[in-house]
Amino acid sequence: MTTEPSPDPAQEWVSWHAHRIVTVAAPYGPLALTGTHWLADHPDGTLPGLPGVWREDGDAIVLSAAAGDGLTADGAPLTGEIELGADTGPFDESRIAAGPRRLVVLRREGLWAVREFDPESAARRAFRAIEATPYDPAWTLPGRFRPYGASRTVRVGNADGRERGLGLGGEIAFTADGTEHTLQVAVEPDGSLWAVFADATSGHGTFPFRFLRPAAPADDGTVTVDFNRALLPPCAFADHFICPFPPPGNTLPIAVPAGERAVLTD
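Below is a summary of the structure that appears in this document.

About the cut-offs
Residues numbered from 1 in each chain as written. Predicted model: local features only at pLDDT ≥ 70, side-chain atom pairs only at ≥ 80, totals over all residues. Heavy atoms only, no water. Pairing = 2+ DSSP bridges. Helix = DSSP H or I, 4+ residues; strand = E, 2+ residues; numbered from the N terminus. Expected span 1.5 Å × (residues − 1). Contact = heavy atoms within 4.5 Å. Polar contact = N/O pair within 3.5 Å; in protein donor to acceptor, adjacent residues only side chain to side chain. Salt bridge = Lys/Arg side-chain N within 4 Å of Asp/Glu carboxyl O. Buried < 20%, exposed > 50% of the residue type's maximum accessible area, 1.4 Å probe, protein only. Axes fitted to C-alpha atoms, helices over the stretch in contact; angles between N-to-C directions. Core = buried A, V, L, I, M, F, W, Y, C linked by side-chain atoms within 4.5 Å. Phe/Tyr/Trp six-rings, centres within 6.5 Å; stacked < 30°, edge-to-face > 60°.

1. With respect to the sheet that holds strand β5 (residues 76-77)
Note on sheets: strands pair through backbone hydrogen bonds, and any given pair is parallel or antiparallel.
Part 1: Spatially, six strands are ordered β1-β9-β8-β7-β4-β5 in an open sheet, and the strand pairing comes out antiparallel. In this open sheet, the two edge strands, each paired with only one partner strand, are β1 (33-38) and β5.
Part 2: Inspection of the sheet shows strand β7 (residues 96-98) paired to strand β8 (residues 101-108) by three bridges, in the antiparallel sense. Following the sheet pairing, A97 is matched in β8 by R102.

2. Let's talk about helix α1 (residues 9-24)
Part 1: Helix length check: α1 (16 residues) gives 22 Å between terminal C-alpha atoms against 22 Å at 1.5 Å per residue, within 8%.
Part 2: On its buried side, α1 packs onto β10 (127-133) and β17 (259-265).
Part 3: Taking the backbone nitrogen of A10 as reference, a side-chain oxygen 3.1 Å away marks D8 as the first, capping residue of α1.

3. Focus on the pattern of salt bridges
Part 1: Per the stated rule, a full pass over the model turns up 15 salt bridges.
Part 2: For the salt bridge of E171 with R146, the shortest nitrogen-to-oxygen distance reads 3.1 Å. Placement of the pair is E171 in strand β12 (residues 163-176) and R146 in strand β11 (residues 140-157), with a sequence separation of 25 residues.
Part 3: On the accessibility criterion, E171 (19% relative accessible area) is buried.
Part 4: A relative accessible area of 34% places R146 in the partly exposed class.
Part 5: Residues E188 and R213 are paired through a salt bridge, measuring 2.8 Å at the closest nitrogen-oxygen approach. With E188 in the loop between β13 (179-187) and β14 (193-197) and R213 in the loop between β15 (210-212) and β16 (222-226), the pair connects residues that are 25 residues apart, well separated along the chain.

4. Focus on the environment of P257
Part 1: Structurally, P257 is set in the loop between β16 and β17.
Part 2: With a relative accessible area of 39%, P257 lands in the partly exposed category.
Part 3: As for P257 and A132, which are separated by 125 residues in sequence, their C-alpha atoms are 9.4 Å apart.
Part 4: Residues within four places of P257 in sequence aside, it is in contact with T133, W139 and T201.

5. Topic: the pairing of β11
Part 1: Judged from the five bridges that link them, β11 and β16 form a sheet pairing that is antiparallel. Within the sheet, the bridge partner assigned to L141 lies in β16 and is V225.
Part 2: Bridge count between β11 and β12: eleven bridges; the pairing is antiparallel. Opposite R152, over in β12, you have L168 as the bridge partner.

6. Section: the sheet that holds β12
Part 1: In spatial order, the strands read β15-β14-β13-β12-β11-β16; together these six strands make up an open sheet with antiparallel pairing. Across the chains shown, the open sheet's two edge strands, defined by having one partner strand only, are β15 and β16. With strand direction ignored, the average angle separating the axes of adjacent strands in the sheet is 45 degrees.

7. Concerning the side chain of E260
Part 1: Mapped onto the elements of the fold, E260 is located in strand β17.
Part 2: A relative accessible area of 0% places E260 in the buried class.
Part 3: Within the structure, the side chain of E260 is placed 2.8 Å from the side chain of R20, a separation counted as a polar contact.
Part 4: Here E260 is in contact with W16, R20, I130, E131, A132, R210, A230, L231 and L232, once residues within four sequence places are set aside.

8. Here's the deal with unusual backbone geometry
Part 1: With a phi angle near 55 degrees, D74 is a residue other than glycine that sits in the positive phi range.
Part 2: Relative to the elements of secondary structure, D74 occurs in the loop between β4 (71-73) and β5.
Part 3: A relative accessible area of 53% means that D74 is categorised as exposed.
Part 4: A positive phi is found at D177, a non-glycine position, where the angle reads about 55 degrees.
Part 5: Of note, D177 is situated in the loop between β12 and β13.

9. Focus: the nonpolar core
Part 1: Of all hydrophobic cores here, the largest spans 21 residues; its most connected members are F117, W194, F209, F211, F241 and C243.
Part 2: At the level of elements, α1, β11, β12 and β14 are the ones that each hand at least two residues to this core.
Part 3: Discounting chain neighbours no more than four positions away, the residues touching C243 are G157, N158, A159, F209, F211, P233, P234 and C235.

10. Topic: the packing of aromatic side chains
Part 1: Counted by the stated rule, this structure contains ten aromatic pairs.
Part 2: With a centroid separation of 6.5 Å and an interplanar angle of 65 degrees, the aromatic rings of F117 and F241 are classed as edge-to-face. Here F117, found in strand β9 (residues 111-117), pairs with F241, found in the loop between β16 and β17; they are 124 residues apart in sequence, far enough to count as distant. Take F117 and F241: they sit in the same class, and that class is buried.
Part 3: Aromatic pair F197 and F227: ring centres 5.4 Å apart, planes at 70 degrees, arrangement edge-to-face. Here F227 lies in the loop between β16 and β17 and F197 lies in strand β14, a separation of 30 residues in the sequence.

As structure tokens, this is what we get:
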């Protein structure tokens with residue numbers, strides 16, 4: 001009986017990095033975001049550069065469109081009114097479109113917004129690649145997840161200058177250079193983890209902060225902390241994302257020279 005060779009982590013990382021570039025550069029990937037418009041900032045319902053009239057109605061948005069607005073809903077021309085909830089799927093599957101643009105309904109902390117994704121955005125045209133440090137096995141570290149007794153919410157600044165709540169479900173502990181460090185993490189619905197962190201390289205060769213998304217911990221709490229897959233946040237690709245900054249305690253006192261570093265453009 002023959003056994004399959006163990007996957008080469010370095011080659012797996014190369015494939016992961018290539019897939020990241022393709023995903024980011026997709027027609028409705030993060031580079032295509034050209035606007036995030038909060039309805040509370042536009043009480044008359046007219047959003048900059050977008051057709052139709054948008055207004056809040058309790059737990060929904062009501063969009064009013066005329067024939068000349070050129071809007072479609074679920075692929076059909078839209079005239080009159082339609083009630084919309086927040087879009088939860090991929091951006092290219094949003095219900096409302098204006099020609100090639102997708103208009104994505106967003107709700108955060110009870111506030112409604114409409115995002116505009118344009119595949120002809122300047123950022124998408126200028127994008128060349130994601131600068132990333134080649135795979136280094138020294139930055140794939142064993143860790144342990146320590147759940148909190150109850151979820152916590154901390155207020156943190158966001159990339160758009162506003163402060164919002166960030167839910168945290170525990171922390172991951174790992175050792176680097178002989179010292180234990182911890183990062184507070186959110187727990188996603190599928191059990192995977194999400195950390196917003198900075199380190200000594202942040203703003204000095206890398207973006208000011210990055211994301212880390214470890215897989216769900218094992219039953220005994222062990223988890224792999226792979227900084228080779230540290231991600232640039234969406235706001236590195238478009239200014240209109242509202243990424244949270246690292247919560248208190250998530251700025252590591254060490255340099256993490258691994259993972260994605262910057263967006264490369266022409």
